[in-house]
Amino acid sequence: MRNSSFPVLILVAGVLAGCAGETDRYTVAPPQVNEKVSIRFGSVEVRDVSLPSYAASDEIHQQLDGGVLKSSTSVLWADSPERAVELELTRNLAKLTGARVASDPWPFEAFPDARLEVRFEELLPGANGILRATGQYFVAVEEGRERSGLFELNAPYDLEAGPTAIARARGQVMLDLAIFIARNGLK
């Protein structure tokens, strides 16, 4: 005996697949690095970057008036945000300093001269058109003075341009953070 519900199931699956919304994924285009910052270390490991749960999510969050965070499953980052932010910071530090900079796990035989950890308290596109990044960085060294510092950085973005503008602002904040850490934590 033939199962007469099988063609109906295929039809329903096809209709549901056609109704599924498309997902847009956004990447951060790195801003131009136009300056050099000398640091006292020849090699730096970007060991860990931690983000608040909303910023670590694949969904792109934006703050609305009243402080509510809004996101959509159809508007996503193209890469895991913690991995992407770590790589953005690594690339920017390498270009700024000329040092050998790599993210964890350290790929070289010789140990790095310094290890960097960054903990974001906030990485939030605000309702006011300002992407705000606050947190703390830590520089660990085997010999010498270890350091830490607080950061508070902002980058404007066009509220009407949506996720593309948010991605551009995040790229600028990561460059600004790399400059700040190079000048204050790696000197």
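Residues numbered from 1 in each chain as written. Predicted model: local features only at pLDDT ≥ 70, side-chain atom pairs only at ≥ 80, totals over all residues. Heavy atoms only, no water.

Peer 1: Looking at this structure, how should I read the packing of aromatic side chains?
Peer 2: Where two aromatic rings form a pair, the distance of their centres and the angle of their planes describe that pair. One pass over the structure, following the stated rule, counts three aromatic pairs. Arranged with centres 6.2 Å apart and planes meeting at 80°, the rings of tyrosine 137 and phenylalanine 180 form a pair that is edge-to-face. Placement of the pair is tyrosine 137 in strand β8 (residues 130–141) and phenylalanine 180 in helix α4 (residues 163–184), with a sequence separation of 43 residues. One cation-aromatic arrangement involves arginine 100 over phenylalanine 108; the distance from NZ or CZ to the ring centre is 4.5 Å. Across from the ring centre of tryptophan 77, 4.2 Å away, lies the NZ or CZ of arginine 170, which sits over that ring. (Phe/Tyr/Trp six-rings, centres within 6.5 Å; stacked < 30°, edge-to-face > 60°. Helix = DSSP H or I, 4+ residues; strand = E, 2+ residues; numbered from the N terminus. Lys NZ or Arg CZ within 6 Å of the ring centre and 35° of its normal.)

Peer 1: Please clarify how the layout of surface pockets should be interpreted in this entry.
Peer 2: Summary: where empty space remains is shown by rolling a probe the size of a single water molecule over the atoms. Within this model, the largest pocket holds a volume of roughly 160 Å³. For the largest pocket, the full set of lining residues is Ile60, His61, Gln62, Leu64, Lys70, Ser71, Ser72, Val75, Gly162, Pro163 and Ile166. Of the residues assigned to the lining of the largest pocket, the class counts are five nonpolar, five polar and one charged. (1 Å grid on protein atoms, 1.4 Å probe; cavity = no way out; pocket = protein on both sides within 12 Å on 5 of 7 lines; lining within 4 Å. Points joined across faces, edges and corners; volume = space filled by probe spheres on them. Nonpolar A, V, L, I, M, F, W, Y, C, P; charged D, E, K, R; others polar.)

Peer 1: What am I meant to see in unusual backbone geometry here?
Peer 2: The phi torsion of most residues other than glycine is negative, and most of the peptide bonds are trans. Of note, the amide linkage connecting aspartate 104 to proline 105 takes the cis form, showing an omega dihedral of 5°. For proline 105, the position within the fold is in the loop between β6 (100–103) and β7 (114–125).

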